[in-house]
Amino acid sequence: MTEQVVIERMSYGAQGIGRLSSGKTVFVDGAVPQDTVSVVIDQEKSSFARGHVDQVLEASPLRVPCTCPHGALCGGCPWQALSYQAQLDAKGENVRSALIRTAGMDPEAVGQLVRPVAGSKRQWGYRNKLELACFSDDRGRLQLGFHAQGGNPSPAPDTCPVAVKALQKAPKALRGSLRFAQGADDLGIFRVGVRSSLRTHSTEVALWTPAGAFPRVSVAKTLQSACSPTSVVRVLADPGKARKVKKVEVLSGKGFWAEELCGTRFMTSAPAFFQVNTAQAERLVAEVMRGIAGRSPEPFEGGAAAYVDQVVEGFALEDLRVADLYSGGGTFSIPLALAGADVTAVESAGPSVRDLRRNAENAGAYVEVIGDDAALALPTLGHLDALVVDPPRAGLAKGVVESIAAATPDRVAYVSCDPQTWARDVVRFQENGYELTYVQPVDLFPQTYHCEVVSLFRRR
């Protein structure tokens with residue numbers, strides 16, 4: 001069954017949204033706003049339908065040629081057919097829609113709160129990390145692949161243009177070298193992570209395997225000849241989404257990945273999180289620091305470089321007691337401490353706690369580090385002047401907002417990677433005496449629907 005559809009907008013996902021002749025909403029893979037398309041209906045429910053483009057009958061003026069011909073295979077750049085300005089507009093609309101639909105806020109008030117999305121200077125070649133699944137193909141050969149949304153891994157293309165230059169050919173190079181190293185034996189590798197920095201030229205390959213015997217020396221040498229990493233590590237963990245890490249072995253090199261953020265060098269261990277778009281991560285830091293300092297939400301002048309220049313030197317936060325929950329390796333904690341704040345960082349992941357302590361010491365920043373769950377540690381912190389939260393995609397656990405309110409910080413900077421769970425938490429803050437004062441979306445993920453949000457709450 002096919003039907004002609006005019007696409008109205010992008011979803012918070014890979015699909016364009018239109019309406020069938022019946023009035024039912026349809027989510028269409030491969031479509032962009034203002035396209036007129038012939039749609040094959042793949043699934044029909046009582047309230048909506050899903051389909052894919054059979055033919056573009058009239059192309060949208062927002063449609064652009066695709067840079068990567070393999071986008072439909074790996075799912076890594078589902079919005080690449082949409083012009084970049086249109087991507088930013090759609091992301092901003094998704095953030096506003098989350099506040100209107102999920103938080104129940106007035107559309108006019110939302111329009112005043114949400115600023116235009118801060119775009120990325122690099123729209124391709126920005127990702128500092130690729131993560132590849134390992135599996136065997138029909139011929140029994142080792143394959144590296146990406147997890148397409150909702151499906152099993154498919155073989156990765158030889159190149160990935162969304163990655164930084166040093167990583168663009170990594171899928172092919174790593175596949176060849178690991179096949180050679182493995183030979184006829186199964187080495188048990190189930191995931192390969194590779195990170196590279198445009199600024200420090202540090203490159204690390206992390207091989208995820210179960211515990212057991214492993215040819216450490218020969219594998220490290222093979223990888224060295226394939227992609228010249230500065231570090232090769234083996235992460236001993238059980239396969240699965242939980243990623244329960246038991247140990248990290250250094251096979252060669254430094255044993256960590258180094259990146260420079262806001263003038264500070266961050267050393268990150270293989271299991272630990274670091275933002276994949278470094279330049280845009282600096283915008284997150286600048287927005288958080290501005291909110292904590294009580295500065296005006298007017299944009300910095302001079303673009304991204306000015307953001308970075310003003311991050312530490314332009315802020316004086318002396319005598320402010322600040323907590324940073326879900327602190328990771330110190331992305332926010334360390335710049336805040338260098339700007340004079342009295343910072344307590346709370347992080348539950350062991351590798352990130354160790355990274356944070358090392359990074360703070362190397363930067364000459366004093367940060368009190370608490371290795372604990374945020375919900376458990378927060379009630380013990382006492383009164384706070386300000387607080388930063390950068391939770392995982394699921395948002396804040398039940399009771400955390402209430403604990404934040406009990407600590408009575410005047411300002412809360414909330415960084416989110418999911419507008420829907422963030423909008424849910426906006427309601428919780430409002431119910432606990434906090435007012436949302438401004439929202440700055442930041443695009444860390446060009447060619448995708450994902451968008452980071454920095455928001456500031458003030459206590460009434």
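Here, the structure is the one placed above.
Residues numbered from 1 in each chain as written. Predicted model: local features only at pLDDT ≥ 70, side-chain atom pairs only at ≥ 80, totals over all residues. Heavy atoms only, no water.

Things to note about the overall build of the protein chain
For clarity, the cut-off: Where helices and strands are cited, they refer to DSSP runs of H or I of at least four residues and of E of at least two residues respectively, numbered from the N terminus. Residue burial is assigned from relative accessible area. The probe radius is 1.4 Å, only protein chains are included, and a residue is buried under 20% of its type maximum, exposed over 50%, and partly exposed in between. Here, residues are in contact when the closest pair of their heavy atoms is within 4.5 Å. The Shrake-Rupley method, run with a 1.4 Å probe sphere, supplies the accessible areas, and residue values consider only the shown protein chains as cover. For the purpose of counting charges, residues Lys and Arg are taken to be positive, whereas Asp and Glu are taken to be negative. His and the chain ends are not included. Here the site of a charge means atom NZ of a Lys, CZ of an Arg, CG of an Asp or CD of a Glu.
Helix and strand content of the protein chain: 12 helices and 21 strands. The principal-axis extents of the C-alpha atoms in the protein chain amount to approximately 65 × 65 × 40 Å. For the protein chain, the residues scored as buried account for 55% of the 460 residues in total. Long-range pairs, those at least 24 residues apart, make up 61% of the contacts in the protein chain between residues at least 6 apart in sequence. Roughly 19900 Å² of accessible area belongs to the protein chain as shown, and the carbon and sulfur atoms make up 49% of that amount. Mean positive and mean negative side-chain charge positions of the protein chain (49 and 49 charges, respectively) differ by 6 Å.

Concerning the side chain of Asp-355
The condition that has to hold: Two N or O atoms count as a polar contact when they lie within 3.5 Å, although within protein this holds only if one can serve as hydrogen donor and the other as acceptor, and sequence-adjacent residues are included solely when both atoms are side-chain atoms.
For Asp-355, the location among the structural elements is in helix α9 (residues 350-363). Since its relative accessible area comes to 3%, Asp-355 is described here as buried. Here Ser-269 takes part through its backbone nitrogen, which lies 2.9 Å from a polar atom of the side chain of Asp-355. The contact partners of Asp-355, leaving out residues within four places of it in the chain, are Met-267, Thr-268, Ser-269, Ala-272 and Gly-329.

Details of the environment of Pro-61
Residue position: Pro-61 is located in the loop between β5 (48-58) and α1 (71-74). Assessed through its relative accessible area of 67%, Pro-61 is described here as exposed. On a C-alpha basis, the gap between Pro-61 and Pro-33 in space is 8.9 Å, while along the polypeptide they are 28 residues apart.

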